[in-house]
Amino acid sequence: MFKKILSKIPFLQKKKTYKGLACQFGEPTHLLESVKDLKELGLSNIEVYTPYPVHGLEKVLDLPRSQVPWISLIAGLIGFVVAVAMQWWMSAVSYKINVGGKPLFSGPAFVPIMFEVTVLFAALATFVGLWVFCGLPKFASPFENDERALRSTNDEFTLYVCTSDPQFDESKIRNVLSSKKCFNIRYLGEEGE
Amino acid sequence: MNITNISEAHVYINPEDRIHKLKTIALVLFVLTSAHFVISFLASPKHALFNYLLSFSNTMSLALAGLFWTLVHHATKAHWSVVIRRISESFTFVIPFGLLLTIPLFLGLDVLYTWSHDHHLQHKALYLNDVFFILRTIFYFSIWLLIYFKVVKPSYKQDQVEDLSITQNMWKWSCIGLVLFGFTISFAAIDWLMTLDPHWFSTIFGVYYFAGSIVAGLAAMILIISLLKKHGYLQVLNENHLHDLGKLLFGMNVFWAYIAFSQYLLIWYGNIPEETIFFHKRTVGSWNEASLFLPLGHFLIPFMVLLSRSAKRNITILSLASIWLLLMHYVDLYWLIMPNFSPEKAPLGLLEVCGWVWSLSLVFIIVIKILGKHPLIPLKDPQLQVSLEHHQ
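Only a predicted model underlies this, so the values are computations on that prediction, with no experimental measurement involved. Numbering of residues starts from 1 in every chain and runs along the sequence as written. In the order they appear in the text, chains get letters beginning with A and ligands get numbers beginning with 1. With pLDDT at 70 or above as the cut-off, local features in this predicted model cover only qualifying residues; side-chain atom pairs require 80 or more to be listed or tallied, and sums for whole chains, interfaces and linings still use all residues. Processing note: side-chain calculations cover all non-hydrogen atoms of the structure and skip hydrogens and water entirely.

A. Broad picture of the overall build of chain B. The helix and strand labels rest on DSSP assignments: H or I over at least four residues marks a helix, E over at least two residues marks a strand, and numbering proceeds from the N terminus. When its secondary structure is counted, chain B shows 16 helices and 0 strands. Only C-alpha atoms enter the radius of gyration; for comparison, a globular chain is expected to reach 2.2 Å times N to the power 0.38, where N is the number of residues. Scaling as 2.2 N^0.38, a compact globule of 392 residues should have a C-alpha radius of gyration of about 21 Å, and chain B matches this with 21 Å. Considering only residue pairs separated by 6 or more positions, chain B has 84% of its internal contacts joining residues 24 or more positions apart. When the accessible surface of chain B is summed, it comes to about 16500 Å², and 70% of that surface belongs to carbon and sulfur atoms. A positive count includes Lys and Arg, and a negative count includes Asp and Glu. His and the chain ends are not counted in either. To locate a charge, the coordinates of NZ of Lys, CZ of Arg, CG of Asp or CD of Glu are taken. For chain B, the centre of its 25 positive side-chain charges and the centre of its 22 negative side-chain charges are spaced 6 Å apart. In what follows, a contact means two residues having at least one pair of non-hydrogen atoms within 4.5 Å. Under the convention used here, a 1.4 Å probe and the Shrake-Rupley method define accessible areas, while residue burial counts only the protein chains that appear.

B. Highlighting the overall build of chain A. Looking only at helices and strands, chain A has 7 helices and 4 strands in total. When its helices and strands are written in sequence order, chain A yields α-β-α-β-α-α-α-α-β-α-β. Its C-alpha radius of gyration of 24 Å places chain A more than 25% over the 16 Å reference for a compact globule of 193 residues. With respect to the principal axes defined by its C-alpha atoms, chain A has extents near 80 × 35 × 30 Å. For chain A, the share of sequence-separated contacts (at least 6 apart) that also reach a separation of at least 24 residues comes to 78%. Taking the average location of the 21 positive side-chain charges in chain A and that of its 19 negative ones, the two points are 9 Å from each other.

C. Local environment of the interface of chain A and chain B. The partner chain B presents 10 residues to the 9 residues of chain A that form the contact. The term buried area refers to how much accessible surface (probe radius 1.4 Å) is lost by two components on association, counted for both of them together. A per-residue breakdown of the area chain A buries against chain B is headed by His 55, Lys 102 and Pro 108 of chain A, which together make up 55% of the total. The salt bridge criterion pairs a side-chain nitrogen of Lys or Arg with a carboxyl oxygen of Asp or Glu, the two atoms within 4 Å. Scanning the region where chain A abuts chain B turns up 0 salt bridges. Under this definition, polar contacts are N or O atom pairs within 3.5 Å; protein pairs additionally need one hydrogen-donor-capable and one acceptor-capable atom, and for neighbouring residues in sequence, both atoms have to be side-chain atoms. Where chain A meets chain B, there are 2 residue pairs in polar contact (both at pLDDT 80 or more).

D. Local environment of the pattern of salt bridges. The tally for this structure, following the rule as stated, stands at 14 salt bridges over all chains. Residue Lys 180 of chain A pairs with Asp 37 of chain A through a salt bridge whose shortest N-O separation is 2.6 Å. In this pair, Lys 180 of chain A is assigned in the loop between α7 (170-178) and β4 (182-188) and Asp 37 of chain A in helix α2 (residues 28-40), connecting sequence segments 143 residues apart. Here Lys 180 of chain A falls in the buried class, since its relative accessible area comes to 18%. Relative accessible area decides the class of each residue, using a 1.4 Å probe on protein chains only: under 20% of the type maximum gives buried, over 50% gives exposed, and in between gives partly exposed. Asp 37 of chain A gets classed as partly exposed once you look at its relative accessible area, which sits at 26%. The residue Arg 313 of chain B makes a salt bridge to Glu 239 of chain B at a minimum N-O spacing of 3.2 Å. Of this pair, Arg 313 of chain B sits in helix α13 (residues 309-313) while Glu 239 of chain B is found in helix α10 (residues 239-270), placing the two residues 74 residues apart along the sequence. For Glu 239 of chain B, a relative accessible area of 43% gives the class partly exposed. One network of salt bridges, in which partners are shared, links Arg 85, Arg 86, Glu 89, Asp 159 and Asp 381 of chain B.

E. Structural detail: unusual backbone geometry. With an omega of -5 degrees, the peptide bond running from Leu 136 of chain A to Pro 137 of chain A counts as cis. Among the secondary structure elements, Pro 137 of chain A is positioned in the loop between α5 (107-133) and α6 (147-150). Located in the positive-phi region is Asp 62 of chain A, a residue other than glycine, with phi close to 60 degrees. Given a relative accessible area of 58%, Asp 62 of chain A falls into the exposed group. Although it is not a glycine, Leu 234 of chain B sits at a positive phi angle of roughly 50 degrees.

F. Broad picture of the state of the cysteines. Residue and element names in this part refer to chain A. Criterion for a disulfide: a pair of cysteine sulfur atoms at a distance within 2.5 Å. Counted under the stated rule, the structure contains 0 disulfides over all chains. The thiol of Cys 134 is not disulfide-bonded; the next cysteine sulfur, from Cys 162, is found 18 Å away. Assessed through its relative accessible area of 45%, Cys 134 is described here as partly exposed.

G. Geometry of the packing of aromatic side chains. Residues and elements named next belong to chain B. Any two rings among Phe, Tyr and Trp, with Trp reduced to its six-membered ring, count as a pair given centres within 6.5 Å; such a pair is stacked if its planes are under 30 degrees apart, edge-to-face if over 60, and tilted if neither. On inspection of all chains with the given rule, the structure shows 39 aromatic pairs over all chains. Ring geometry for Phe 68 against Trp 69: centres 5.2 Å apart, planes inclined by 70 degrees, an arrangement best described as edge-to-face. Like Trp 69, Phe 68 is buried. Summarising the aromatic geometry, the rings of Phe 293 and Trp 324 are spaced 6.3 Å apart at their centres and angled 90 degrees between planes, so their arrangement reads as edge-to-face.

H. Geometry of the confidence of the model for chain B. In this model, chain B carries a mean pLDDT of 92, and residues with pLDDT of at least 70 account for 98%. Quick note on the complex model: pTM equals 0.89, ipTM equals 0.81. pLDDT expresses, on a scale from 0 to 100, how confident the predictor is about each individual residue.

I. Seen up close, the environment of Ser 174 of chain B. In this structure, Ser 174 of chain B sits in helix α8 (residues 164-192). Spatially, the C-alpha atoms of Ser 174 of chain B and His 241 of chain B are 22 Å apart, while their sequence positions differ by 67 residues.

J. How the structure looks around the environment of Pro 378 of chain B. All names here are of chain B. Inspection of the secondary structure assignment puts Pro 378 in the loop between α15 (350-373) and α16 (384-388). Since its relative accessible area comes to 1%, Pro 378 is described here as buried. Spatially, the C-alpha atoms of Pro 378 and Lys 172 are 18 Å apart, while their sequence positions differ by 206 residues.

Right under this line is the structure:
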């Protein structure tokens, strides 16, 4: 389980080849159709870059559910335990003060802080978890020198198939793409180590 | 307007459907439990009246929650909830009946409320007296009926005429309605429930009743939706709608816990006898167990169950959680009301069970009756198409 999660963290992995066949789309519906057809070729390493979330894309791409909620849950629980332990140690062990005759360890008074620390831990872990799983920060990308690919942050959609994919077959992919409304089919990036 | 995906068969309840058989069963249950109420009243009027107040507040909870969710839908101009609006609207049809249900309360004021005969409460008599209590209750109902006529009724009129101004009027009135609703439900809760113990007061009490009510009402709506879906209706309502309903149920339940704890924390911290008496009363005898059961059953268990995404998208788990929360709201009201009847121990017998069944069967009969009369979806709502295409 742990190894499985580690294998999903991009920046712990060895550098892969970043060379791939890319093309541009003007409409999300055309992109969805092409991804569906490419998936039927058995390709597993398809990447898609869109300027906004395209509904249904996660289904055609067969993307697994994000692992981030688990990180949030675990961090939240840790935060809860930390808050209980911290308040118990401070109020009942280290510096005992009688407040209004209440017990030194009084649950109701501690609840707001338990809640706050739980939320704080969960929120921070979610933020960090999201960065880790998205491979951020990322300082280099095969896309940064390609003007068309940069349009995928504005008004176009980029589809990208990595050459390292075991099922990669250029002629077949070109065949599928040629029947679609896509343009600017070209190679992007360089072979890595 | 081009409406896709809707077939007539999914929008109108077939008059010969099994749902109507369920309605007959509910009617039988309602008659039986009503009879039990009458018999218990003859044997022990006080016990029966307190249980009646409990059933009445539960019934009104569901009715008012229906009104609240309809108002919120319009006030926020929500798109996604157009397909579920008819369900919340159908609950508001209980409100006119609620006015009739207050009559036994008015007749039993002397038994239920000590302020109606206690001379130690002379200084509160200006507010707490029989006539003013009855007038106030009638006033609350007239406000709710006003909102009902301005926001719920036009929605059914829109089924006949395609008119955008109807929607715009509902938007306007729901904003006014929400303000009026907030005040009236708060005062109603104070009048009906808090004055059972006229020496005690809590400024958050109205919100407490409101928070519990909207959870119970939402749970009831989810159960009706699940029933309709099971019988082949409302197929346009997809799991994204369910997910949103689940999120609301989860969130509102946390809101209830937040309000309940806020009330407890301040009273616990202040430690003033005239305030702590409320919680002290609820630690005597078996009331102590009831008090511990409430945070566990009303908050912790539903919280854990509804936390995950897949649970909220699963209609079976969501329905089970809804049944549980519907029960827990009754336990909550029971915990508020019954210590004033039996301070030594929590009474639990046939009458208490009957009260719950009575309340739910009454609401069920009315809701199914109304749903059977009109299309299950507001077919001419200008935002319907967006709701049908609702995705994450």
